[in-house]
Amino acid sequence: MRTTYYVDQDGLKPQCSPSEAAAMSHASHPKHTQSADLESRRRRSTAGSSELLWDHEPKGHRRSSQCDRLCVAGAHPEMVDTPSPFTSQHFGHFTPKCLSAHKPAVHSCCAEDAWQEASCRTTIHAENEVEAHKLANNYKFGFRKWKSHVTERPIEDRSDIVKELHSELNFIKPQKGSVVSIGNVLYVLFFGWWISSVYVLVGLLMFCTIIGIPYGKLCWKLSCYLFWPFGKALQKTSSLIRRCCIKFPNCEVIPEEVGDSQSTEVKETTPLLQSPSPVTIDVPASAPPSQKSRYWCRVGTYVWLVLGYVPLAIVHCLACILSWMMVFTIPVAKMNARILSIVLLLPPEEIQIRPVKKLPGCETRVLLCCYRAFNWYYYKYTVDGINVFAVNLLSLVIFTLVIGYVDRDNSLIRSEVKFATAVSSIIPLSYYIGMGIASISAQSNFAVGAVVNATFGSITEMTFYITALLQGHRAGSKCYGEIVKAALTGTLLGCILFVPGLCMVIGGFKHREQRFNSRSAGVSSALLFISVGGVFAPTLFSKAYGNLMCEGCNNPSGNSSGPFYCTDCHYDLSENNHSLYLSHIEPLVYTVSVLLPAAYLIGLVFTLKTHSHIYDIHVSDCHGHEASQHNPVVHWSRWRALVVLIVATLLTAACADLTTEHIKPIISHSSVSQYFIGVTVLAMVPEIPEIMNGIQFALQNNISLSLEVGNCIAVQVCMLQIPLLILFNAVYDVGFVLIFSDLHLWASIFSVILANYIFMDGKSDYFQGTALTVVYFILLALYFFAPSPLGC
């Protein structure tokens, strides 16, 4: 039976099964005939909904389960408080089902207004309670969306592709196709020839020592193997672990000396005319202890370790690092690691190289067996739940900090290179911050999750903004403040236009048409419109009441009544018009900075406290079986995630400091407008992990979460980041004034209006996504050709 949980104010709680609900209904109602009939009908509907997948082009109108509850409330009050099983979402696939489709009379009891007013309920399938919390947080207001798992999944439950990614290359498995491929040929060009050459040289050296001749022969054999290792197997002659199937009694393995084998008997209950199910047996046999001890007593062993193993270890470590950093060649790294840690430490007479035979139904454990050196799917590879790209980019963070703080005078590396590396280093740090937030939120209650999302969710951007304002304050330049405003506007434009548009395009190529809740998207868009209006309210006020100041005006005609031509005109607020700014605009700015976080807090209380019951969390495995009830193994505990958050925040602050320190040559000597640098590089680079999450949601046909990724970031920019900057400026005056240029104002307002129009019908395809992305690139062109802002 599937274990069902629901979310209320106190967290995730178990819910009674339909049979238990029916028993309670019988106990509470003497006349239970009608109730039992309804319960039976509800169970049949539940069974049907669990087997159906959401059709990409649904037939007819699909209603949410909350609407069903409203319709049947008048006729059957006992079904009102029962969580509905009719709407389910399993990793982005929804199976909504309307009771009125089966009961027209009930549908007549439901007014059309009730359908429009009803809230849509979302049922989520997950492996365990922690994953259910994480998935539920993705649908909640104020929580950043996270795609990756925060708990470990058994490798047995993963797909064959993922199993191959995590393979240790120590089994001979049935192989389909030829081992001659482009990736294997590239291995020979990039790795095979020079590794093989080093083995030849080391083999010659071992032959010269006389005592190391057996190791010289081993180097010759390994030289041929490493030049083309595919379709060959390294194995021990003294031990072997065979893995074979009882179903194939005639399977063959490479003959080895084996010890006592274990016999597997067929159960007596097995039918005589039916072959028994395959049973895997392992037959281990290890070398005698005396042989192992004699190996380490040889003089040649230590000659080999000094003259042969050390140079080969350097070569294999270099090959491991290079192939690991290339990600898609990780099998080469695994192969070199196994040779270095296992093969080269064995007696040379125990190592044999033999071609692999295609043995269907059998697996033979060996020392090393590799079929291909290149695999595109290694972008999915994770290390302790961390994506391999995020692991590799940590070296970039270390490199950035070393060159940034050691070479202070830029004598070794140019300032532009340091700027590029510092900005790029923020990408993996943003990933670690996002995973830390998701891990803590999934293991905590709503209050802790909301606080963590509100504080650390904007820490990357806030760190850069504050360091840039401090740098501009020390340099006495207003250009840094304008770059911060450009970065804020660029984040809004990217999250409103580029992120949803890109997700629609990529998701539209895989799914012809994707649907989402237009009412929910409309609420998010309306909230975004309100927040953008609040942020730009001081700017509109200054345009209406500010004084237009110009640097130089002349009259070419010489007539006082003729036209004047002025240059460098702007609305002067702070220097020469203190009364307007201090008496009107500054109080308006502080008022807005209080109202926006208050609206954010109300949204949190609404979705997380007072109306948290709108979420139904059904915890089950991918096949609909009962979910495991033992405690799930999380990748990061709460304390570990907190430590990662703190360390990543400190490293982000250091990288942001280097970014603002080395941005001066770019904004001073670059021909590109400072607007463009702030709107593109400084705004969107920290959001790359969020963009990748949105793309993955779209590929899994969950376009609603893809849209919420951008809306969540944009809302946090307006309702949290900008008020925090105003608060920081009030405490420590760095000259930040919440007055945006006309280009920022109209670009943001136009983007919000366009997004509201696109999200109106509740459907998306690649054409609508193309429209959003084209508009985004048009606005980028405006910023690219725009003149430099005042003060730059």
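None of the values given here were measured: they were computed from a predicted structure.

Draft legend 1. Structural detail: the overall build of the protein chain. If you tally the helices and strands in the protein chain, you get 29 helices and 21 strands. Residues counted as buried form 49% of the 792 residues belonging to the protein chain. Put simply, 79% of the contacts in the protein chain that link residues at least 6 apart link residues at least 24 apart. As displayed, the protein chain has an accessible area near 38,000 Å², and 63% of this comes from carbon and sulfur atoms.

Draft legend 2. Expanded view of the sheet that holds strand β10 (residues 351-355). An order of β10-β7-β12 is seen for the three strands of this open sheet, with the pairing classed as antiparallel. Looking along the sheet, the strands with just one partner apiece sit at the ends: β10 and β12 (368-369). The pairing of strand β7 (residues 232-236) with β10 spans five bridges and is classified as antiparallel. Residue pairing for β10: K232 is matched across the bridge by P355.

Draft legend 3. Molecular detail of the environment of V709. Summarising the element assignment, V709 is placed in helix α27 (residues 703-731). V709 gets classed as buried once you look at its relative accessible area, which sits at 2%. Residues V709 and I496, spaced 213 residues apart in sequence, show a C-alpha to C-alpha distance of 9.7 Å. With residues up to four places along the chain from it excluded, the contact list for V709 reads K145, V499, E690, G694 and F697.

Draft legend 4. Layout of a nonpolar patch on the surface. Where nonpolar side chains cluster on the molecular surface, the patch consists of V180, I182, V185, L186, L189 and F190 and spans about 610 Å² of accessible area. Topologically, V180 is positioned in the loop between β6 (171-172) and α8 (182-208).

Draft legend 5. Main features of the packing of helix α28 (residues 742-758) against helix α29 (residues 766-785). Where α28 meets α29, the axes come as close as 11 Å, and the angle between the chain directions of the two elements is 175°. Put simply, α28 runs roughly antiparallel to α29. Along its contact with α28, which presents L743, H744, A747, F750, S751, L754 and I758, the element α29 presents Q768, L772, V775, L779, L782 and Y783. Taken together, the residues of the contact of α28 with α29 break down into 10 nonpolar, three polar and no charged.

Draft legend 6. A look at the environment of A730. When you line up the elements, A730 lands in helix α27. Take A730: its relative accessible area is 44%, and that puts it in the partly exposed class. Separated by 140 residues in sequence, A730 and Y590 have C-alpha atoms that sit 9.3 Å apart.

Draft legend 7. Quick look at the side chain of S531. When you line up the elements, S531 lands in helix α19 (residues 518-535). Exposure remark for S531: the relative accessible area of 0% places this residue in the buried category. Apart from the residues lying within four places of it in its own chain, the contact partners of S531 are L596, C718 and M719.

Draft legend 8. Molecular detail of the packing of aromatic side chains. Under the definition given, this model contains 23 aromatic pairs. Here a set of aromatic residues connected by ring pairs shows up, and it is made of W146, Y431, Y432 and W636.

Draft legend 9. Focus on helix α14 (residues 394-406). With 13 residues, α14 extends 18 Å between its outermost C-alpha atoms, agreeing within 8% with the 18 Å of an ideal straight helix rising 1.5 Å per residue. The set of residues buried in α14 consists of V397, T400, I403 and G404. Axial view of α14: buried residues confined to an arc of 145°, hence all on one face. Among the exposed residues of α14, those oriented more than 90 degrees off its buried face are I398 and V406. The inward-facing, buried residues of α14 contact α15 (415-442) and α22 (638-661).

Draft legend 10. Region of interest: the pattern of salt bridges. In total, this model carries 12 salt bridges according to the counting rule given. A salt bridge links R414 to E416, with the nearest nitrogen and oxygen atoms 3.5 Å apart. Exposure remark for R414: the relative accessible area of 58% places this residue in the exposed category. Here D742 makes a salt bridge to K543, at a shortest N to O gap of 2.9 Å. Pair noted here: D742 is in helix α28 and K543 is in helix α20 (residues 537-545), with a separation of 199 residues, a long-range link. According to the relative accessible area criterion, D742 is partly exposed, its value standing at 37%. Among the residues examined, K543 registers a relative accessible area of 25% and is labelled partly exposed.

Draft legend 11. Here's a closer look at the packing of helix α9 (residues 213-227) against helix α11 (residues 299-325). It is the contact of α9 with α11, at a shortest axis distance of 11 Å, that shows an interaxial angle of 20°. Taken together, the axis directions place α9 and α11 in an arrangement best described as roughly parallel. In this structure, α9 meets α11 at a crossing whose hand is right-handed. Between α9 and α11, the contacting residues are Y215, C219 and L226 on the first element and G300, T301, W304, L312 and H316 on the second. Per-class residue counts for the contact of α9 with α11 are five nonpolar, three polar and no charged.

Draft legend 12. Representation of the nonpolar core. Membership of the largest hydrophobic core comes to 89 residues, with the highest contact counts inside it found for Y465, V484, L488, L497, L682, L725 and F736. Here this core gets 16 residues from one element, more than from any other, and that element is helix α18 (residues 479-510). Once residues lying within four places of it in the same chain are set aside, the contact partners of L488 are Y465, V717, Q721, I722, L725 and F736. Counting residues in each nonpolar core, the second largest holds 37 residues, with F191, V202, M206 and L368 among its members.

Draft legend 13. Structural view of the confidence of the model for the protein chain. Mean pLDDT over the protein chain works out to 75, with 69% of the residues at or above the 70 mark. Note that pLDDT drops below 50 for residues 240-287; the model gives that stretch 76 contacts with residues more than four away or on any other chain. pLDDT under 50 marks residues 622-629. Its contacts with residues more than four places away, or in other chains, come to 15 contacts.

Draft legend 14. Highlighting the environment of V423. Note that V423 resides in helix α15. Residues V423 and L658, spaced 235 residues apart in sequence, show a C-alpha to C-alpha distance of 8.6 Å. V423 has contacts with T659, V681, L682 and V685, leaving out every residue within four places of it along the chain.

How each quantity is defined
Residues numbered from 1 in each chain as written. Predicted model: local features only at pLDDT ≥ 70, side-chain atom pairs only at ≥ 80, totals over all residues. Heavy atoms only, no water. Helix = DSSP H or I, 4+ residues; strand = E, 2+ residues; numbered from the N terminus. Buried < 20%, exposed > 50% of the residue type's maximum accessible area, 1.4 Å probe, protein only. Contact = heavy atoms within 4.5 Å. Areas by Shrake-Rupley, 256 points an atom, 1.4 Å probe, with all protein chains shown as cover. Pairing = 2+ DSSP bridges. Patch = residues over 30% accessible without salt bridge, like charges linked within 9 Å, V, L, I, M, F, W, Y side chains within 5 Å. Salt bridge = Lys/Arg side-chain N within 4 Å of Asp/Glu carboxyl O. Axes fitted to C-alpha atoms, helices over the stretch in contact; angles between N-to-C directions. Parallel < 35°, antiparallel > 145°, perpendicular 65-115°, else oblique. Nonpolar A, V, L, I, M, F, W, Y, C, P; charged D, E, K, R; others polar. Phe/Tyr/Trp six-rings, centres within 6.5 Å; stacked < 30°, edge-to-face > 60°. Expected span 1.5 Å × (residues − 1). Arc of directions from axis to C-beta. Left-handed = near helix turned anticlockwise from the far one by under 90°. Core = buried A, V, L, I, M, F, W, Y, C linked by side-chain atoms within 4.5 Å. pLDDT = per-residue confidence, 0-100.

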